[in-house]
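An overview of the molecular structure
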Amino acid sequence: MRIIVVEPHADDAFLSVGWHLQKLWEGVDKTIVTVFSDPKRTKEANSYAEAVGATSVVLGLAEAKMLSGEKSKVISPLREWLNKNLLEGDQVYFPLGLQHPDHISVALTRPAGAFRYLDTPYQAKLKLSEELLKKAPGMSIHSLCFPPKNKWKHIPLFKSQAKFFHFNQDLKESKLPEIILCRS
């Protein structure tokens, strides 16, 4: 069995399913597919994947070109990668896709039978709870756990996001659970 986590940007898997990648899926064949990236974020994606024992695949799509002036849409290069690389028995995890067009577009590309994970830190925003409830009716919780503090040791790998993490000390010290939602 292989675990494939699809993330819109380098750090989305870390923030959302970092504990799963680091501990729960330790010793399992893992791949992190990063959809949008520039050279700096590609390096971060590769470093993080290596730190948690995963293979890194970076599609390197330019977010502005992909989403400029358009509503969210299926991302063809991601769909093509999945069609070429998915094996029977793979467990594939996609962001639920809340609020941001890039996350929604990645979520729309989800193949049948894929799992969805809740995009953190968006789960912390109470105003999104109604949107979450609309998107996840009838879905059961696959995994609900509180991430250990040592998950956060990987923050320094994401230098391009240093400003974000610097101003989000609450996130770093959060007791918010990481959640993966099952297929409905």
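Right, let's walk through the structure included here. (Residues numbered from 1 in each chain as written. Predicted model: local features only at pLDDT ≥ 70, side-chain atom pairs only at ≥ 80, totals over all residues. Heavy atoms only, no water.)

Let us look at helix α2 (residues 39-51). Turn by turn, an α-helix covers 3.6 residues, leaving residues three or four places apart pointing in a common direction. End to end, α2 covers 18 Å across 13 residues, agreeing with the expected 18 Å (1.5 Å per residue, within 8%). Regarding α2, the residues found buried are R41, E44, A45, Y48 and A49. Angular distribution of buried residues about the axis of α2 spans 130 degrees; they occupy a single face of the element. Turned more than 90 degrees away from the buried face of α2, the exposed residues are P39, K40, K43 and E50. Elements that come into contact with the buried residues of α2 comprise β1 (2-9), α1 (12-24), β2 (29-36) and β3 (54-61). Put simply, D38 is the residue that caps the front of α2, since its side-chain oxygen is 3.1 Å from the backbone nitrogen of K40. Phi turns positive one or two residues past the end of α2, at G53, with a value near 75 degrees. (Helix = DSSP H or I, 4+ residues; strand = E, 2+ residues; numbered from the N terminus. Expected span 1.5 Å × (residues − 1). Buried < 20%, exposed > 50% of the residue type's maximum accessible area, 1.4 Å probe, protein only. Arc of directions from axis to C-beta. Contact = heavy atoms within 4.5 Å. Polar contact = N/O pair within 3.5 Å; in protein donor to acceptor, adjacent residues only side chain to side chain.)

Taken residue by residue, helix α4 (residues 76-85) has L78, W81 and L82 as its buried positions. One side of α4 holds all its buried residues, which, seen down the axis, span an arc of 95 degrees. For α4, exposure combined with an orientation more than 90 degrees from the buried face picks out E80, N83 and K84. Contact partners of the buried residues in α4: β1, β2, β3, β4 (91-95) and α5 (101-108).

Time to look at the nonpolar core. Ranked by size, the top nonpolar core spans 22 residues in total, and within it V5, L21, I32 and Y93 carry the most contacts. Those elements that provide at least two residues to this core are β1, α1, α2 and β5 (115-117). Examining the composition of this core, we find that five residues originate from one element, α1, more than from any other. Excluding its chain neighbours within four sequence positions, the residues that come into contact with V5 are A13, V17, L21, W25, T31, I32, V33, Y93 and Y117. By size, the runner-up hydrophobic cluster in this structure holds 15 residues, among which are L78, W81, V92 and F94. (Core = buried A, V, L, I, M, F, W, Y, C linked by side-chain atoms within 4.5 Å.)

Scanning the model with the defined rule gives three salt bridges in all. When the shortest N-O distance is used, the salt bridge between R2 and D90 registers 2.5 Å. Of this pair, R2 sits in strand β1 while D90 is found in the loop between α4 and β4, placing the two residues 88 residues apart along the sequence. For the pair shown, R2 and D90 are each scored as buried. (Salt bridge = Lys/Arg side-chain N within 4 Å of Asp/Glu carboxyl O.)

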